[in-house]
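Observations on the model geometry
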Amino acid sequence: MEASEEFRALWERHEVAPMSSHVKRYRHPVVGLVRLEHRTMWPAPRSPAHRVVAYVPADEESEERLERLAELSAE
């Protein structure tokens, strides 16, 4: 906040666009179908070039399959 007057002004307004989400499906050859919620958030409405994207399991089965993938990558 000390380094940028523009950042400080934006931060004080707390303008954050609503987060959107939808489910994407990926079929992995080992663990099978994984359903992930694709969530996108734009921190500033007038800055479409900057966004935050997160993928989270859409259901318990997908979470278990992601955990299995993590185990496989550790082997």
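Our structure's up above, just so we're on the same page.
This structure is a prediction, so every number in the text was calculated from the model and none was measured. (Residues numbered from 1 in each chain as written. Predicted model: local features only at pLDDT ≥ 70, side-chain atom pairs only at ≥ 80, totals over all residues. Heavy atoms only, no water.)

Turning next to helix H2 (residues 60-74). Taking 1.5 Å per residue as the helical rise, H2 with its 15 residues ought to reach 21 Å, and the 21 Å between its terminal C-alpha atoms agrees with that figure. With a side-chain oxygen lying 3.3 Å from the backbone nitrogen of Glu61, the N-terminal cap of H2 falls on Asp59. (Helix = DSSP H or I, 4+ residues; strand = E, 2+ residues; numbered from the N terminus. Expected span 1.5 Å × (residues − 1). Polar contact = N/O pair within 3.5 Å; in protein donor to acceptor, adjacent residues only side chain to side chain.)

Here we take up a negative patch on the surface. A cluster of acidic side chains, namely Glu60, Glu63, Glu64 and Glu67, defines a negative patch on the protein surface. With respect to the helices and strands, Glu64 occurs in helix H2. (Patch = residues over 30% accessible without salt bridge, like charges linked within 9 Å, V, L, I, M, F, W, Y side chains within 5 Å. Areas by Shrake-Rupley, 256 points an atom, 1.4 Å probe, with all protein chains shown as cover. Salt bridge = Lys/Arg side-chain N within 4 Å of Asp/Glu carboxyl O. Lys, Arg positive; Asp, Glu negative; His and termini not counted. Charge placed at Lys NZ, Arg CZ, Asp CG, Glu CD.)

Together, Met1, Phe7 and Trp11 line one region of the surface with nonpolar side chains, adding up to about 330 Å² of accessible area. Considering the arrangement of structural elements, one finds Met1 in the segment before helix H1 (5-13). Residue Met1 is classed as partly exposed on the basis of its relative accessible area of 46%. (Buried < 20%, exposed > 50% of the residue type's maximum accessible area, 1.4 Å probe, protein only.)

The spacing of Met1 and Glu12 is 11 residues in sequence and 9.9 Å in space, taken between C-alpha atoms. In contact with Met1, other than residues within four places in its own chain, are Phe7, Arg8, Trp11 and Glu12. (Contact = heavy atoms within 4.5 Å.)

Moving on to the pattern of salt bridges. Applying the stated criterion to the full structure yields five salt bridges. A salt bridge links Arg35 to Asp59; its shortest N-O distance comes to 2.9 Å. Of this pair, Arg35 sits in strand E2 (residues 32-41) while Asp59 is found in the loop between strand E3 (52-57) and H2, placing the two residues 24 residues apart along the sequence. With its nearest N and O atoms 3.5 Å apart, the salt bridge here joins Glu71 to Arg68.

Moving on, we get to the environment of Leu66. Residue placement: Leu66 occurs in helix H2. Ignoring anything within four residues of it in the chain, the contact list for Leu66 reads Val34, Leu36 and Pro57.

Examined against the element boundaries, Ser62 turns out to sit in helix H2. Setting aside residues up to four positions removed in sequence, Ser62 forms contacts with Leu33, Val34, Arg35 and Pro57.

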